[in-house]
Amino acid sequence: MERFLNIRQATMDDAEKLQLYFSDIIQENLPTLFSRDSAPQTESWERFIGRHQANSLLLIAEIHSQTVGFLNFSQYDRPQCTHSGDVSITTKKQWRSQGIGQQLIATLLQWANQNPVISRIELEVFANNPAAIHLYQKNRFQIEGVKRNAVLVNGELIDSIQMAWLKATPNKD
C-alpha cells in the first residue's frame, strides 16, 4: 500500500485528533522529550489553536487521515523578539526515520522564507537524540549553546542543545 503524506495547517477541527496523538506520544515515555503526565484535553487544544497568531504555525502530518507528526512554531511576543520563535516537532514511533520530520521542517522553512517577519527559528533538543540533531543540522540549524545537565531523565542527567536557523540574507556589499 502506497503511503500518502499530507502536511497541512491545524484547524479547530483538529483538537480531538491532537489530543489523541499526544496521548500516544506521552505513553511512549521518550527520554528525548520533556515528559508530561497526560496530554492536554481537547478543550485545551482548542484554546491553543485559537491563540496562535498570524506569524505562528501549527502543522499536522497525516497518512491516510491518521496523524503521524506535528510541528508547532510559536512566534515570540516580546517586541524585540518578534522576528523569531521556537519550534517543536514530534512523530509517532512507527513513522520515525521515514522522512516525515524532514517534510515538516521543509514546510516550516518554506513558510519562514516567504514570511517577511520571521528570520530566526530556535529549538531545544536533548543531547541523547542524535537523529534529531542530525536532521536539524541537515536543514541549516546551527548549535548555539549547550545547557549542561539540563534535564534529568530516568535518573540520567542529559545536556540540552540550543540550535537556531537564520534566514539567508543577501550580502550588502
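As a reminder, the structure under discussion sits directly above these lines.
Residues numbered from 1 in each chain as written. Predicted model: local features only at pLDDT ≥ 70, side-chain atom pairs only at ≥ 80, totals over all residues. Heavy atoms only, no water.

Draft legend 1. The pattern of salt bridges, seen in detail. By the definition in use, this model includes eight salt bridges. Ionic pairing is found between Arg120 and Glu144, a salt bridge with its closest N-O pair at 2.5 Å. Residue Arg120 is located in strand E5 (residues 120–126), and its partner Glu144 is located in strand E6 (residues 142–153); the two are separated by 24 residues in the primary sequence. Asp159 is the partner of Arg148 in a salt bridge, and the nearest nitrogen-oxygen pair spans 2.8 Å. Of this pair, Arg148 sits in strand E6 while Asp159 sits in strand E7 (residues 156–166), and the two are eleven residues apart along the sequence. Judged by its relative accessible area of 62%, Arg148 is exposed. For Asp159, a relative accessible area of 19% corresponds to the buried category. (Salt bridge = Lys/Arg side-chain N within 4 Å of Asp/Glu carboxyl O. Helix = DSSP H or I, 4+ residues; strand = E, 2+ residues; numbered from the N terminus. Buried < 20%, exposed > 50% of the residue type's maximum accessible area, 1.4 Å probe, protein only.)

Draft legend 2. Highlighting the sheet that holds strand E4 (residues 84–91). As summarised here, the arrangement of the seven strands in space is E1-E2-E3-E4-E5-E7-E6, forming an open sheet in which the pairing is mixed. Looking along the sheet, the strands with just one partner apiece sit at the ends: strand E1 (5–9) and E6. For this sheet, the mean inter-axis angle between neighbouring strands, taken without regard to orientation, is 25 degrees. Examined bridge by bridge, strand E2 (residues 57–63) and strand E3 (residues 66–75) share seven bridges and lie antiparallel to one another. Directly across from Ile60, in E3, lies its bridge partner Phe70. Lying over the sheet, helix H1 (residues 15–27) contacts E1, E2, E3 and E4, oriented at roughly 100 degrees with respect to E3. Contacting E4, E5, E6 and E7, helix H4 (residues 130–138) runs over the sheet at an angle of about 160 degrees to E5. (Pairing = 2+ DSSP bridges. Axes fitted to C-alpha atoms, helices over the stretch in contact; angles between N-to-C directions. Contact = heavy atoms within 4.5 Å.)

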